[in-house]
Amino acid sequence: MRTIRRLMTFAKKYWHWIMLTVVCMLAFTVSDLLFPQVLRLIVDRCLRGHQYHLLPRYAEALLLIAVVRGFFQFGQLYLPEFVAQRTIFDIRNRLFDHIQRLSFTYHDEAETGQLISRATSDVDVLRRWLGHGLMHLLSDGLIFLGILLYFLSMNWQLALVALSCIPILIATVFKYGTKIRPLFTAVQNQRGEMTTAIQQNLMGIRVVKSFAREKHEVGKFDKQTNELLERSLDTARVSAFYSPVMDFLAAVSTAFVIWYGGIQLVRGDISLGEWLVFYAYLGMLIRPVRMMGWVVNQTQNAVASADRIFEILDTHREVHLKDGKQELAKCRGEVVFQDVSFSYGDGSRVLSGLSFKVNPGETVALVGPTGSGKSTVINLLPRFYDVTEGAILVDGVDIRSYRLESLRRQIGIVSQESFLFGDSARENIAYGRPDADLEEVIEAAKAANIHEFIDSLPDEYETRIGERGVNLSGGQKQRVAIARALLLNPPILILDDSTSSVDTETEAQIQMALLNLMESRTTFVIAQRISTVKRAHKILVLDKGRIVQMGTHEELLAQGGLYADICRLQFGEEAAGE
């Protein structure tokens, strides 16, 4: 009930539509209950009482009830769906917005397929329950209550006989609900696992084909779908067992009414019309009780889905990242690391005691073996993660004091894996500044040496470049990403191996374009080419999370040690000898 109450808080903003829905349900229930009463009058007064002149009036009454019933039935069917669609619209948007604001730590651990499953399949389960399950719960509850009151007022002895199996039927329904809920949760979780398998396969389809592992992937997917099949069959098996049990109990109640009602009819305690109405009402009473099994089924499914959605919504935005209050405006670009250490959640330490200062406009190159902590350093600056110890200052202020959005808008990033959206080239370049005009986009593209390629496309800057930029080469994607960062015009640049996938000639053109732009910006570079390293004002050599050397290219070569070894192995003998 706690989950349902929380779910209903999303729907309460549509309370006036919900009240109108209740009115329609009440009116429909009353008209539904009147129908058998008119039939009783026809049997007792017209057929047995020989008042045939009343038949046209009763026929008109039946038609009038049918018209009124149809009018309110429309409201009873449409309005719950209207409320459900609007409520799910809010939940879906709230969920997507929350996922966008979850931290890198969360996304590092979360499975993308599970998130997709919860944002699609689980949300749709809630829509079906709000639009149909809840409607049946309310309308059938009203019918049950109305018939129960009529039974007791009309013939309490026959009512007790008719209702004798109802408590057992209700207990069976709730026992069914207890058994089916964990099965539904297991089905939804397994559906998320299957979605993850599909997502990972499609993301890595080139690797799959390169290694001719199609059969292996089919086997993995078959295992996931087989798990889903088994869990779905478990759910179907429980439903199939309890469904005939509930039907049998309903049939027992009907048999009791026919038996005892027949005795009362023979004795003259009730009329034929009353007996027929009682039988008709019993069928109407059994229907909502019988439907309770379906409603419980839908409800348990919805609760399982809602719990999975609320699990995401209950995850604190930017876990461990408290948003600051200070606005970072007119950033100069001075960056200071003060005894910075960082460890992941599992306790493994990545950085230890890093201290250095970068003046505005300086370029810093990060060099070191794989796993030395280079990427972690640049991930700490925009607060993708927070430092475990120490502090990072931008313009003399701890970055934790700045608003996250304000801080990140001052930092342009070109990551090692240049992700592009399946939109136009213009939209990808202007992603950080969607209000930029075409001339500004073109200037950024020219600076990144990608303008000529885009200009040659069929629709030029309006050409869609395909999902994840699949229509572009690695070098072209990186140049588009560089143009995207340049258009943002940030005072701080982070270039994570941004020219590693381009040829020497293209890299030289990009470097020439970047030189003037980097003069007025603080730039952090993780580079794999000696040309980038040599231009840096300062080189940080990292090893096992510590700064082991710091200086210019010439100074570090003169010192020897790890930097000279890296130059010799990574950049070649000629670079090491310079």
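Here, the structure is the one placed above.
What you see is a predicted model, and the numbers here were worked out from it, not measured in a lab.

Enquirer: What exactly am I supposed to notice about the packing of aromatic side chains here?
Expert: Between two aromatic rings, the relevant description is the distance of the centres plus the angle of the planes. The full count for this structure, using the stated rule, is eight aromatic pairs. Between Phe-71 and Phe-72 the ring centres are 5.2 Å apart and the planes differ by 85 degrees, which places this aromatic pair in the edge-to-face class. Where Phe-337 meets Phe-356, the ring centres are 4.5 Å apart and the plane angle is 15 degrees; that geometry is what we call stacked. Linking Phe-337 in strand β1 (residues 335-343) with Phe-356 in strand β2 (residues 349-358), this pair joins segments that are 19 residues apart in sequence. No difference in accessibility class separates Phe-337 from Phe-356, as the two residues are buried. An aromatic cluster is built from Trp-17, Phe-74, Tyr-78 and Phe-82, whose rings are joined through pairwise contacts. Its end group placed over the ring of Phe-89, Arg-86 keeps NZ or CZ at 5.6 Å from the ring centre.

Enquirer: For this particular structure, what's the right way to read the sheet that holds strand β4 (residues 389-394)?
Expert: Each strand in a sheet pairs with another by means of backbone hydrogen bonds, the pair being arranged parallel or else antiparallel. Read across the open sheet, the four strands follow the order β2-β1-β4-β5; overall the sheet is antiparallel. Every interior strand has two partners, whereas the edge strands, β2 and β5 (397-398), have only one. Looking at chain direction, β1 and β2 are connected through six bridges and run antiparallel. Each residue of the ladder has a partner; that of Phe-342, found in β2, is Leu-351.

Enquirer: Looking at this structure, I do not really get the packing of helix α1 (residues 2-11) against helix α3 (residues 55-100). What am I missing?
Expert: Helix-helix packing is described using two parameters, namely the angle between the two axes and the distance between the axes. Running from amino to carboxyl end, α1 crosses α3 at an angle of 105 degrees, the nearest separation of the two axes being 8 Å. Considered as vectors, α1 and α3 are oriented roughly perpendicular to each other. In contact with Leu-7, Phe-10 and Ala-11 of α1, α3 contributes Thr-87, Asp-90, Ile-91 and Arg-94. Among the residues making up the contact of α1 with α3, the classes are represented as four nonpolar, one polar and two charged.

Enquirer: How should I be thinking about helix α9 (residues 214-267) in this particular structure?
Expert: Along an α-helix, a turn takes 3.6 residues, which lines up residues three or four apart on a common side. Between its terminal C-alpha atoms α9 stretches 78 Å, which fits the 80 Å expected from 54 residues at 1.5 Å a residue. Among the residues trailing α9, Gly-268 stands out with phi positive, at a value near 85 degrees.

Enquirer: For this particular structure, what's the right way to read the side chain of Glu-334?
Expert: Here Glu-334 is to be found in the loop between α10 (272-313) and β1. Contacts of Glu-334, omitting those with residues within four sequence positions, involve Lys-357, Val-358, Pro-360, Leu-393, Val-394, Asp-395, Gly-396 and Thr-522.

Enquirer: Quick question: what am I supposed to make of empty space enclosed by the protein here?
Expert: It is the rolling of a water-molecule-sized probe over the atoms that shows where space remains empty. For the structure on display, the rule yields two cavities of 30 Å³ or more. Estimates place the volume of the second largest cavity at around 30 Å³. What lines the second largest cavity is simply Thr-3, Ile-4, Leu-7, Trp-129, Thr-299, Ala-302, Val-303 and Ala-306. For the lining of the second largest cavity, the leading source of residues is α10, giving four residues. Looking at the lining of the second largest cavity residue by residue, the classes come out as six nonpolar, two polar and no charged.

Conventions we followed
Residues numbered from 1 in each chain as written. Predicted model: local features only at pLDDT ≥ 70, side-chain atom pairs only at ≥ 80, totals over all residues. Heavy atoms only, no water. Phe/Tyr/Trp six-rings, centres within 6.5 Å; stacked < 30°, edge-to-face > 60°. Helix = DSSP H or I, 4+ residues; strand = E, 2+ residues; numbered from the N terminus. Buried < 20%, exposed > 50% of the residue type's maximum accessible area, 1.4 Å probe, protein only. Lys NZ or Arg CZ within 6 Å of the ring centre and 35° of its normal. Pairing = 2+ DSSP bridges. Axes fitted to C-alpha atoms, helices over the stretch in contact; angles between N-to-C directions. Parallel < 35°, antiparallel > 145°, perpendicular 65-115°, else oblique. Contact = heavy atoms within 4.5 Å. Nonpolar A, V, L, I, M, F, W, Y, C, P; charged D, E, K, R; others polar. Expected span 1.5 Å × (residues − 1). 1 Å grid on protein atoms, 1.4 Å probe; cavity = no way out; pocket = protein on both sides within 12 Å on 5 of 7 lines; lining within 4 Å. Points joined across faces, edges and corners; volume = space filled by probe spheres on them.

This is a description of form; function is not addressed.
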